[in-house]
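Listed below are the residues making up each chain.
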Amino acid sequence: MTHRFLEIATTPAVRAAQEAQGSRRAYARQEEGAPHHDRLGDSEAAFIAARDSFYMASVSETGWPYLQHRGGPPGFLRVLDETTLGFADLRGNRQYLSLGNLSADDRLCLFLMDYGRQARLKIFGHARFHDLAAEPELARRLIVPGYRAVPERGMTIEVEGFDWNCPQHITPRFSEAELGPALAPVRQRLEELEAENARLRAELAGRVRS
């Protein structure tokens, strides 16, 4: 059974490049015994649920690729089932480049990064847009309660394949939320030292006055 992501991505031109660079034989062996990877499992669902952003690639009618960032609270990209993702498409700069591209060609690629753990997940899929006012149940599943943003539409993605990349060359970076627990003891110690300094200054001032 072939690896679905590589099956889609490995075009004749890609195979020719692999052959020229000496990696085709290794990838051919991988393709023969690789899992299909067209259905999201527990590992993928947990990874997606922890993300607060991703990158979405589409292609214009003139053949130009376009990459857009999507962000929100952790888990704003929902795993609706093992083959479907969804999120509330929020109002932005109103250029609608991705909307236009995907309305003409529904194929896309998502790129999800965890810089702290040096992990990345790539997903091929087909996009579909939804009027959330006409689909209240879907709206309930996609809209993040309490998040101050205006959803313009819903977007679901039919997953065609996914692939986990190796961690090589990913520079670790951490968000403020991720750094919070690690920095908590440091902040506490700083508060203790500031309180001690204030006490010592007060004692010194009292001695000077006396």
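Here goes a summary of the coordinates provided. What you see is a predicted model; the values in this text were computed from it and never measured.

**Comments concerning the state of the cysteines**
In step 1: Summed over all chains, the structure comprises 0 disulfides.
In step 2: Cys109 takes part in no disulfide bond, and the closest cysteine sulfur to it belongs to Cys166, at a distance of 16 Å.
In step 3: A residue is classified by how much of its surface remains accessible, and Cys166, at 38% relative accessible area, is partly exposed.

**Observations concerning a nonpolar patch on the surface**
In step 1: There is a patch of nonpolar side chains on the surface, built from Phe174, Leu179, Leu183, Val186, Leu190 and Leu193 and spanning about 490 Å² of accessible area.
In step 2: Along the polypeptide, Leu179 turns up in helix H7 (residues 176-209).

**Regarding the pairing of strand E4 (residues 84-90)**
In step 1: Judged by how many residues are buried, E4 sits mostly within the fold: 6 of 7 residues are covered.
In step 2: Relative to E4, strand E3 (residues 78-81) is paired through 3 bridges, and the arrangement is antiparallel. Residue pairing in the sheet places Val79 in a bridge with Leu85 of E4.
In step 3: Here E3 folds back onto E4, and the loop between the two strands holds 2 residues.
In step 4: Across 7 bridges, the pairing between E4 and strand E7 (residues 151-165) is antiparallel. Note on E7: the bridge partner recorded for Leu85 is Ile157.

**What about the pattern of salt bridges?**
In step 1: Counted under the stated rule, the structure contains 15 salt bridges.
In step 2: For Arg4, the salt bridge goes to Glu160, with nearest N and O atoms at 2.9 Å. Here the residue Arg4 occupies a position in helix H1 (residues 4-9), and Glu160 occupies one in strand E7, the gap between them amounting to 156 residues.
In step 3: Since its relative accessible area comes to 23%, Arg4 is described here as partly exposed.
In step 4: Salt-bridge contacts for Asp114 lead to Arg117; the nearest nitrogen and oxygen are separated by 3.3 Å.
In step 5: A relative accessible area of 4% places Asp114 in the buried class.
In step 6: What makes Arg117 exposed here is its relative accessible area of 64%.
In step 7: A network of salt bridges, in which partner residues are shared, links Arg70, Asp89, Arg91, Arg94, Glu152 and Arg153.

**A closer look at the sheet that holds strand E5 (residues 107-114)**
In step 1: One open sheet accounts for 7 strands, arranged E2-E1-E5-E6-E7-E4-E3; its pairing is antiparallel. Across the chains shown, the open sheet's two edge strands, defined by having one partner strand only, are strand E2 (65-71) and E3. Strand-to-strand twist of the sheet, defined as the mean angle between neighbouring strand axes without regard to direction, takes the value 35 degrees.
In step 2: Packed onto the sheet, helix H5 (residues 97-104) meets strand E1 (53-59), E2, E5, strand E6 (119-130) and E7 and runs at close to 50 degrees relative to E1.

**Here we look at the side chain of Arg70**
In step 1: Among the structural elements, Arg70 can be located in strand E2.
In step 2: Separated by 2.5 Å, the side chains of Arg70 and Gln68 make a polar contact.
In step 3: If near-sequence neighbours (up to four positions away) are discounted, Arg70 is found in contact with Asp52, Ser53, Phe54, Met56, Phe76, Phe87, Asp89 and Ser98.

**As for the packing of aromatic side chains**
In step 1: Inspection of every chain in the model, using the stated rule, returns 4 aromatic pairs.
In step 2: Their ring planes at 75 degrees and their centres at 4.9 Å tell us that Phe47 and Trp164 sit as a pair that is edge-to-face. Taken together, the residues span a long stretch of sequence, with Phe47 in helix H4 (residues 42-49) and Trp164 in strand E7 at a distance of 117 residues.
In step 3: By relative accessible area, Phe47 is classed as buried at 9%.
In step 4: Owing to a relative accessible area of 30%, Trp164 belongs among the partly exposed residues under this scheme.
In step 5: Between Phe54 and Phe87, the ring centres sit 5.5 Å apart and the planes meet at 75 degrees, which makes this aromatic pair edge-to-face. Taken together, the residues span a long stretch of sequence, with Phe54 in strand E1 and Phe87 in strand E4 at a distance of 33 residues.
In step 6: A residue is classified by how much of its surface remains accessible, and Phe87, at 1% relative accessible area, is buried.
In step 7: Members of the aromatic cluster, each reached through a chain of ring pairs, are Phe54, Phe76 and Phe87.

About the thresholds
Within any chain, residue numbers begin from 1 and follow the written order of that chain's sequence. Totals for whole chains, interfaces and linings use all residues, but because this is a predicted model, local features are given only for residues with pLDDT of at least 70 and pairs of side-chain atoms are given and counted only at 80 or more. With hydrogens and water set aside, each side-chain value is computed from the structure's full complement of heavy atoms. A pair of sulfur atoms, both from cysteines and within 2.5 Å, is called a disulfide here. Think of it in three bands: residues with accessible area under 20% of the maximum for their type are buried, residues over 50% are exposed, and the middle band is partly exposed, with areas taken using a 1.4 Å probe on protein chains only. Residues qualify for a patch when their relative accessible area is over 30% and they have no salt bridge, like charges being joined within 9 Å and the nonpolar side chains of Val, Leu, Ile, Met, Phe, Trp and Tyr within 5 Å. Using the Shrake-Rupley algorithm and a 1.4 Å probe, accessible areas are obtained, with residue cover drawn only from the displayed protein chains. Whenever a carboxyl oxygen of Asp or Glu lies within 4 Å of a side-chain nitrogen of Lys or Arg, that contact is scored as a salt bridge. Elements are defined by DSSP. Helices are runs of H or I of four residues or more, strands are runs of E of two residues or more, and each kind is numbered from the N terminus. If DSSP finds at least two bridges between two strands, the strands pair. A fitted line through C-alpha atoms represents every axis, and for helices the fit uses only the stretch in contact; the resulting angles, taken between N-to-C directions, go from 0 to 180 degrees. The contact criterion used throughout is that any non-hydrogen atoms of two residues lie within 4.5 Å. Pairing of N or O atoms within 3.5 Å defines a polar contact, subject to two protein rules: one partner must be a possible hydrogen donor and the other a possible acceptor, and residues neighboring in sequence count only if both atoms are side-chain atoms. Stacked, edge-to-face and tilted are the three classes for Phe, Tyr and Trp ring pairs, Trp counted by its six-membered ring, which pair at centre distances within 6.5 Å; planes under 30 degrees apart are stacked, over 60 edge-to-face, the rest tilted.

By themselves these figures say nothing about function.
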